[in-house]
There are 2 protein chains.
Amino acid sequence: MPVNASLSFGYRGRMTRDAQQEQRDIKERTGVGSVWERSRMLAKQEILETAFRLFTGQGFEETTIAQIAREAGVSQRTLFRYFGTKEDLVLGDHAEYGRLLQAALESRPADERPWTALRAAFASLAESLPYSPEDILKITSLLDTSPSLRARQLERRQQWTDLLVPDITRRLDAPSDPMTQVRAQALVTCALACSEIAVDAWGRSNGTVDLERAYDAAVAAVRAE
Amino acid sequence: MPVNASLSFGYRGRMTRDAQQEQRDIKERTGVGSVWERSRMLAKQEILETAFRLFTGQGFEETTIAQIAREAGVSQRTLFRYFGTKEDLVLGDHAEYGRLLQAALESRPADERPWTALRAAFASLAESLPYSPEDILKITSLLDTSPSLRARQLERRQQWTDLLVPDITRRLDAPSDPMTQVRAQALVTCALACSEIAVDAWGRSNGTVDLERAYDAAVAAVRAE
DNA sequence: GGTCTGGCTAGCAGTCACTGCCAACATGCC
DNA sequence: GGCATGTTGGCAGTGACTGCTAGCCAGACC
């Protein structure tokens, strides 16, 4: 049962291309056309597809690394070299996405207000993520079933906060105010929380709720109530 | 079932007594008077003190359960019976504190606005927590040194959210609005985030920053910026 | 006071995520 | 072809955590 290849890391294209074009694409994306690099990507993709199939089929906690490795045809040792933790199989390269988000925020006009800039940065990140809506639905439903997965995701979000706070600090008045750091942290954390709540609501509605409307409703509630 | 039945293990006695006798009985069966209970509490205390000493001395990750158990004079098996996870040694009974917070929130006037009620609930919880300021300082500094500890704490905070959302939902207008749930979640999550940011700032300042001022600054930033 | 019940304990074996190490092999470079 | 280097898999180990079991001992009952 072939799983949608859009699950694979970085893959955003269609499946209807011939192998040559595919290879050129890989070369383009990775910058390296070496056999090593290509087989690494194939293995990575195979592992991810196997993991997602097993996770959605029998649950995250109930699936062992040994099983994924066996069915993907690699050793456990290799699997852990590609994905540092079991949770990384679901959550992807959060450090990379964090950098994307940071870059998106820092590219906003310096005089844009915090909430405005953060909203634009989220929208920018959403466009550059290599996940299809179906992928996000799968991920969010997995998050709902595994506390450890949810914990790890919250931890990652915390790390994103540290990346975004410096920029937001610059957007605040009174930089000498000792509370400026606290204010920036609060803004970033709450914005990230609102985005996550919106994504979760979108996921639980099976994608019928409008994501931006949910986010705006969350932010409006926090600011107006 | 009597209210305090959950306190008594293996209650099998009669029901027709006056309150005073009942209390004496409970004390006998479950309370401080029983040898079992006393040794349980002593063991728990001994384990906690040993764990804190080792955690602060050599770090959370660098301390093993085996070491704590050995130095506290109990078996690992017993330690895990008292504290379900290594993180529980630091974080305490979060489920219990969650119930306290929920009760505090629900005891606020029904027409109080979400932010006001939440702030009062936090203040109430802070007063009923069994930690001294020194304890909190130790805990927050430990949180800063261990990602896994921080992750577990974020996970617990998520569980608190679920406890508080129903009450906040009732405080919102337009309960038929499909976004009401999202709005309530956003409010609770952001309020908890602000309180945590305030506590962290207080901890990093070694207790010199005023906790309530930090919380208010965080909330004000979120709402005004 | 003797006995019985049942909670509590230590200890052991086992699971699972994850890591360090090393030998074997593949690949890229010359 | 030969060497340096990257990659892999197996293996042994660690550390958190769980299930099971035999034995101990406080407390209830007679």
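Up top is the structure these notes are about.
Residues numbered from 1 in each chain as written. Chains lettered and ligands numbered in written order. Predicted model: local features only at pLDDT ≥ 70, side-chain atom pairs only at ≥ 80, totals over all residues.

Engineer: Honestly, the relation of the copies chain A and chain B in this entry has me stumped. Any pointers?
Structural biologist: Both copies of the chain are related by a screw-like operation: a rotation about an axis and a shift along it. Of the transformation placing chain A onto chain B, the axial shift is 0.1 Å and the rotation is 180°, giving an RMSD of 0.1 Å. The relationship between the two copies is best expressed as a two-fold rotation axis. Ranked by how close their C-alpha atoms come to the rotation axis, the residues of chain A are headed by Arg-223 of chain A, at 2.2 Å. (Least-squares fit on C-alpha atoms with pLDDT ≥ 70 in both.)

Engineer: Help me understand the protein's contact with DNA strand D, please; the structure alone is not making it clear to me.
Structural biologist: Ser-75 and Thr-78 of chain A together with Thr-64, Thr-85 and Lys-86 of chain B are the nearest of the 20 residues found near DNA strand D. Elements supplying a minimum of two residues to the surface near DNA strand D: helix H2 (35-58) and helix H4 (76-82) of chain A together with helix H2 (35-58), helix H3 (65-72) and helix H4 (76-82) of chain B. Of the residues contributing to the surface near DNA strand D, the split by class is 8 nonpolar, 6 polar and 6 charged. (Near = placed C-beta within 6 Å. Helix = DSSP H or I, 4+ residues; strand = E, 2+ residues; numbered from the N terminus. Nonpolar A, V, L, I, M, F, W, Y, C, P; charged D, E, K, R; others polar.)

Engineer: Sorry, what's going on with the environment of Phe-122 of chain B here?
Structural biologist: Following the sequence through the fold, Phe-122 of chain B ends up in helix H7 (residues 114-128). In this structure, the C-alpha to C-alpha distance between Phe-122 of chain B and Gln-102 of chain B, residues 20 residues apart in sequence, is 9.8 Å.

Engineer: I would appreciate a short explanation of helix H6 (residues 94-106) of chain B in the present structure.
Structural biologist: Each α-helix winds once per 3.6 residues, and so residues spaced three or four apart point in a common direction. Residue and element names in this part refer to chain B. The end-to-end C-alpha distance of H6 is 18 Å, a good match for the 18 Å that 13 residues give at a rise of 1.5 Å each. If you check which residues of H6 are buried, you get Leu-101, Ala-104 and Leu-105. All buried residues of H6 project into a common sector of 100° when viewed along the axis, lining one side. Of the residues in H6, the exposed ones pointing more than 90 degrees away from the buried face are Ala-95 and Glu-96. On its buried side, H6 packs onto H7 and helix H9 (147-171). (Expected span 1.5 Å × (residues − 1). Buried ≥ 20, exposed ≤ 12 C-beta atoms within 10 Å, placed from the backbone. Arc of directions from axis to C-beta. Contact = placed C-beta atoms within 7 Å.)

Engineer: Would you mind going over the nonpolar core with me for this structure?
Structural biologist: Side chains that are nonpolar tend, in soluble globular proteins, to be buried together. Membership of the largest hydrophobic core comes to 66 residues, with the highest contact counts inside it found for Cys-194 and Ala-218 of chain A together with Cys-194 and Ala-218 of chain B. Here Ala-218 of chain A is in contact with Cys-194, Ile-197 and Ala-198 of chain A together with Val-182, Arg-183 and Ala-186 of chain B, once residues within four sequence places are set aside. (Core = buried A, V, L, I, M, F, W, Y, C linked by C-beta atoms within 7 Å.)

Engineer: What should I look at first to understand unusual backbone geometry in this one?
Structural biologist: Trans peptide bonds make up most of the peptide bonds, and negative phi angles are found at most residues other than glycine. Residues and elements named next belong to chain A. Non-glycine residue Asn-206 carries a positive phi angle of around 60°. In this fold, Asn-206 is placed in the loop between helix H10 (180-204) and helix H11 (211-224). Here Asn-206 falls in the exposed class, since 9 other C-beta atoms lie within 10 Å of it.

Engineer: Can you walk me through the protein's contact with DNA strand C in this structure?
Structural biologist: Every one of the 21 residues lining DNA strand C counts as a neighbour, but Ser-34, Thr-85 and Lys-86 of chain A together with Ser-75 and Thr-78 of chain B are closest to it. The set of elements that each furnish at least two residues to the surface near DNA strand C consists of H2, helix H3 (65-72) and H4 of chain A together with H2 and H4 of chain B. When the residues that make up the surface near DNA strand C are grouped by side-chain class, the tally is 9 nonpolar, 7 polar and 5 charged.

Engineer: What is the right way to look at the interface of chain A and chain B in this model?
Structural biologist: By a widely used convention, the size of an interface equals the accessible area lost when the partners come together. With 30 residues of chain A at the interface, the matching set in chain B holds 30 residues. When residues of the side of chain A that touches chain B are traced back to their parent elements, those giving at least two are helix H7 (114-128), helix H9 (147-171), H10 and H11 of chain A.

It is worth stressing that arrangement in space is one thing and function is another; only the former is reported here.
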